[in-house]
Amino acid sequence: MTTKFPISTNTIAKTMHTASCTIKSESLAVGHGHHTIIDDLHLQLMSGDLLTLIGTNGSGKSTLLKTLAGLLPALAGSVSVLGSAPGSLPKRVAYLPQHPVSSHTLPLRARDVVAMGRYAHLGLFRRETATDRAAVGDAITRTGTSNFADRPLRELSGGQQQRTHLAQVLSRQAEVLLLDEPTAGLDLSGKYAIAEIIAAERARGVTVVLATHDLQDAESATAVMLLAQRVVAFGPPSVALSDDNVRACFGFTQPH
Amino acid sequence: MLAGNPFVDPFTSNEFMRHALVASVLVALVCAVAGTYVVLRGLSFVGDALAHGVVPGIATALLFGVSGVVGAVVSAAVMMTGVSVITRKSRLSSDTAIGLFFVGMLALGVIITSRSRTFVGDITRILFGELLGVTTSDLGWLLVALVIVAIIATIAHRPFVLMSIDDGLARTSGFSVPFFHSLMLVLVAITVIASFQSVGTLLVLGMLIAPAAAGALVARRVSTMMLIAALYGTAASYLGLLASYHYDIAAGGSIVFVAVMLFGVTAIISAVVAHRHDDEVPHQHEHHR
């Protein structure tokens with residue numbers, strides 16, 4: 001997957017899928033303004049791949065995801081998502097930001113928030129069709145959002161809001177999912193549910209890039225990238241998650 | 001005259017009261033649509049800036065005997081350009097820069113008006129409106145404003161709602177945030193221009209924000225919020241005008257005061273209801289940000 005590190009996961013990807021390249025970067029630098037956080041990234045992800053980004057706050061996980069989503073410009077190098085510039089294919093790429101809700105007074109039911117995931121397909125004027133409604137209903141069921149789908153967003157707990165926003169992302173039925181800490185604020189059953197959803201998405205050929213604090217989220221990944229304002233390690237989980245690497249990433253060894 | 005109905009007669013027996021009522025209801029409808037998006041996006045302060053920023057334009061227009069609307073359009077364009085440049089480029093917080101900009105515009109308006117021989121009359125008209133002097137052609141322009149606002153809302157509803165959650169969400173859904181942000185500023189500017197004659201630039205913010213904010217407290221859907229805003233604005237127009245007629249008080253002030261009071265009562269009631277609800281559902285707000 002990389003030319004920079006000795007461990008190539010290309011072989012893993014090729015044996016698992018005969019699929020096409022979905023995310024590709026060469027010498028990519030990401031950051032804010034003139035401040036580079038991560039430099040010289042070489043990525044090559046295939047459909048069905050899961051890349052897990054692990055690191056503390058400020059390590060560059062969110063910055064990389066935002067760059068892939070087209071919300072931040074690449075500071076150097078090249079990057080393409082589904083063969084196009086990041087952000088140029090909104091119908092086929094879905095992004096879950098870290099803190100999706102900025103206001104608690106929004107008069108929106110959970111169901112309406114999920115349905116907003118379809119706006120990329122609907123544009124300004126097209127009316128919802130049965131396909132859109134089915135995608136929304138499916139996303140609500142899979143994320144366990146049904147019980148509170150008709151309640152206003154402001155009355156939901158943090159975990160329920162998190163599930164609602166994940167459902168919004170799923171309702172787009174995209175080919176690339178960029179998820180920034182989807183398990184934040186969730187209990188153990190919520191975390192399992194999301195792991196299952198990610199596995200199901202990958203099984204239908206979706207490429208997932210997942211930022212997380214949680215080492216357990218990394219074990220089923222195609223590749224893991226440990227970040228601490230630089231790439232500490234990058235490769236298959238068994239190699240990247242060595243104790244030395246984890247210590248370098250977090251400053252201590254997490255049990256896993 | 002026989003002992004009439006004090007709730008209806010002021011409007012049936014006076015043409016200026018009928019005009020005032022129609023004008024203020026049209027303003028209420030314009031404000032309900034624009035105010036809903038302004039409240040959702042948290043643009044109240046920019047709305048305030050635009051409302052005061054149009055003062056020098058209106059003052060200049062009045063000084064040269066031109067329609068105040070023309071002056072308002074020109075200065076609103078200047079204000080919007082200024083506000084969007086400031087929001088993008090300012091190294092100060094944009095609140096500070098926009099605040100200074102609008103106070104500067106307001107001061108300029110006062111300076112220009114002070115050159116007029118009817119200084120006090122003019123500045124009062126600009127700041128507090130002249131609802132009881134509304135003409136039929138004014139009503140026509142208000143109707144035009146309502147149609148334009150409705151068209152913009154129809155076109156931009158989806159990106160506006162996405163932007164009320166997060167600009168990034170609108171961007172990653174394929175909508176141009178700078179374009180739709182500018183379109184929202186245009187929406188606010190049209191509202192301010194349409195409303196200044198009836199309630200004045202000082203009070204227009206009340207009509208823009210209060211009914212929509214009340215709607216946000218109660219509604220579960222954006223469309224319901226807009227409908228509630230329209231009903232509150234209409235009620236405030238009627239009750240305010242009635243009070244203005246019977247107690248001989250300023251019409252614009254009465255309407256906006258009623259609108260803000262209606263918001264206050266709604267806020268108190270919804271806080272009480274929410275508090276009870278919290279008691280029933282103990283873990284409701286476990287995740288404050």
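Position numbers for residues start from 1 in each chain and track the written sequence from start to end. Working convention: letters from A go to chains and numbers from 1 go to ligands, in the order in which they are written. Two thresholds apply to this predicted model, a pLDDT of at least 70 for residue-level local features and 80 or more for giving and counting side-chain atom pairs, whereas whole-chain, interface and lining totals are computed over all residues.

A. Structural detail: the overall build of chain A. On a plain count of helices and strands, chain A comes out with nine helices and nine strands. Labels follow a simple rule on C-beta atoms placed from the backbone: if 20 or more others lie within 10 Å of a residue's own, it is buried; if 12 or fewer, it is exposed; otherwise it is partly exposed. Per-residue burial for chain A yields a buried fraction of 51% across its 256 residues. The contact rule is simple: place each C-beta atom from the backbone, and if two of them lie within 7 Å, those residues are in contact. Put simply, of all contacts in chain A between residues at least 6 apart along the chain, 67% involve residues at least 24 apart. By the criteria applied, helices consist of DSSP H or I runs no shorter than four residues and strands consist of E runs no shorter than two, each listed in order from the N terminus.

B. Structural detail: the sheet that holds strand 2 (residues 35-46) of chain A. Residues and elements named next belong to chain A. Strands are treated as partners if at least two bridges between them are detected by DSSP. Read across the open sheet, the three strands follow the order 2-1-4; overall the sheet is antiparallel. Each edge of the open sheet is held by one strand with a lone partner, namely strand 2 and strand 4 (76-81). With strand direction ignored, the average angle separating the axes of adjacent strands in the sheet is 20 degrees. In this structure, strand 1 (residues 21-32) lies alongside strand 2, joined through eight bridges in antiparallel fashion. Bridge assignment links C21 to a residue of strand 2, and that residue is M46. Lines fitted to C-alpha atoms define the axes, with helix axes restricted to the stretch in contact, and inter-axis angles between N-to-C directions lie between 0 and 180 degrees. Packing against the sheet, helix 2 (residues 61-69) makes contact with strand 1, strand 2 and strand 4, and its axis sits at approximately 125 degrees to strand 1.

C. Looking closely at the nonpolar core. The nonpolar core criterion groups buried Ala, Val, Leu, Ile, Met, Phe, Trp, Tyr and Cys residues into a set whenever they are joined through C-beta atoms within 7 Å. If you look at the biggest cluster of nonpolar residues, it comprises 171 residues, and the most contacted ones within it are L178 of chain A together with V54 and V188 of chain B. If one sorts the elements of this core by residue count, helix 2 (residues 15-41) of chain B sits on top with 18 residues. When residues no more than four places from it in sequence are discounted, the contact partners of L178 of chain A are L65, L68, A69, V93, Y95, L96 and V209 of chain A.

D. Structural view of helix 5 (residues 68-89) of chain B. Residues and elements named next belong to chain B. Expected span, for any helix, means 1.5 Å times one less than how many residues it has. The end-to-end C-alpha distance of helix 5 is 31 Å, a good match for the 32 Å that 22 residues give at a rise of 1.5 Å each. Burial in helix 5 covers these residues: G68, G71, A72, S75, A76, M79 and V83. When helix 5 is viewed along its axis, its buried side chains cluster within an angular range of 125 degrees and face the same direction. For helix 5, the exposed residues lying more than 90 degrees away from the buried face are T81, V85, R88 and K89. Those residues of helix 5 that are buried are in contact with helix 3 (44-53), helix 4 (55-63), helix 6 (94-114) and helix 10 (177-199). By construction, the arc corresponds to the directions joining the helix axis to the C-beta atoms.

E. Spatial organisation of unusual backbone geometry. One non-glycine residue, E181 of chain A, adopts positive backbone phi at about 50 degrees. For E181 of chain A, the position within the fold is in the loop between strand 6 (176-180) and helix 7 (188-203).

F. Expanded view of the environment of P90 of chain A. Considering the arrangement of structural elements, one finds P90 of chain A in the loop between strand 4 and strand 5 (93-96). Accessibility expressed as a C-beta count within 10 Å gives 22 for P90 of chain A, which makes it buried. For P90 of chain A and A149 of chain A, which are 59 residues apart along the polypeptide, the C-alpha to C-alpha distance reads 25 Å. Setting aside residues no more than four positions away along its own chain, P90 of chain A makes contact with A120 of chain A together with T172, S173 and G174 of chain B.

G. Summary view of the environment of Y119 of chain A. Summarising the element assignment, Y119 of chain A is placed in helix 4 (residues 119-122). Residues Y119 of chain A and R133 of chain A lie 14 residues apart in sequence; the distance between their C-alpha atoms is 12 Å. Beyond its immediate sequence surroundings of up to four residues, Y119 of chain A is in contact with R158, L162 and S173 of chain B.

H. Representation of the sheet that holds strand 5 of chain A. Residues and elements named next belong to chain A. Read from one edge of the open sheet, six strands run 5-6-7-3-8-9, paired in mixed fashion. One side of each edge strand has no neighbouring strand; the edge strands of this open sheet are strand 5 and strand 9 (231-235). Each strand of the sheet is rotated relative to its neighbour by a mean of 10 degrees, with strand direction disregarded. Strand direction decides the pairing type here: strand 5 and strand 6, joined by four bridges, are parallel. Considered in strand 6, the bridge of V93 is made with V176.

I. Looking closely at the pairing of strand 6 of chain A. Residues and elements named next belong to chain A. With respect to burial, strand 6 is a largely interior element, five of its five residues being buried. One ladder, built from five bridges, connects strand 6 with strand 7 (residues 207-212); its direction is parallel. Counted as the bridge partner of L178 is V209 from strand 7. For the handedness criterion, the strands are oriented away from the viewer, and a crossover whose path from the first strand over the helix to the second runs clockwise is classed as right-handed. Each parallel crossover has a hand, and the one from strand 6 via helix 7 to strand 7 is right-handed.

J. Expanded view of the packing of helix 3 of chain B against helix 10 of chain B. Residue and element names in this part refer to chain B. Between helix 3 and helix 10, whose axes approach to 9 Å, the crossing angle comes to 45 degrees. On the basis of their axis angle, the class for helix 3 and helix 10 is oblique. The hand of the helix 3/helix 10 crossing is right-handed. Residues V46, G47, L50 and A51 of helix 3 form the contact with helix 10, whose own contacting residues are V188, A189 and V192. As a working rule, the residues Ala, Val, Leu, Ile, Met, Phe, Trp, Tyr, Cys and Pro are called nonpolar, Asp, Glu, Lys and Arg charged, and the rest polar, with Gly in that last group. Here the residues of the contact of helix 3 with helix 10 are counted per class, giving six nonpolar, one polar and no charged. Relative orientations are named as follows: roughly parallel for angles under 35 degrees, roughly antiparallel for angles over 145 degrees, roughly perpendicular for angles from 65 to 115 degrees, and oblique for any other angle. Helix crossings fall into two classes, left-handed where the near helix is turned counterclockwise from the far one by less than a right angle and right-handed where it is turned clockwise.

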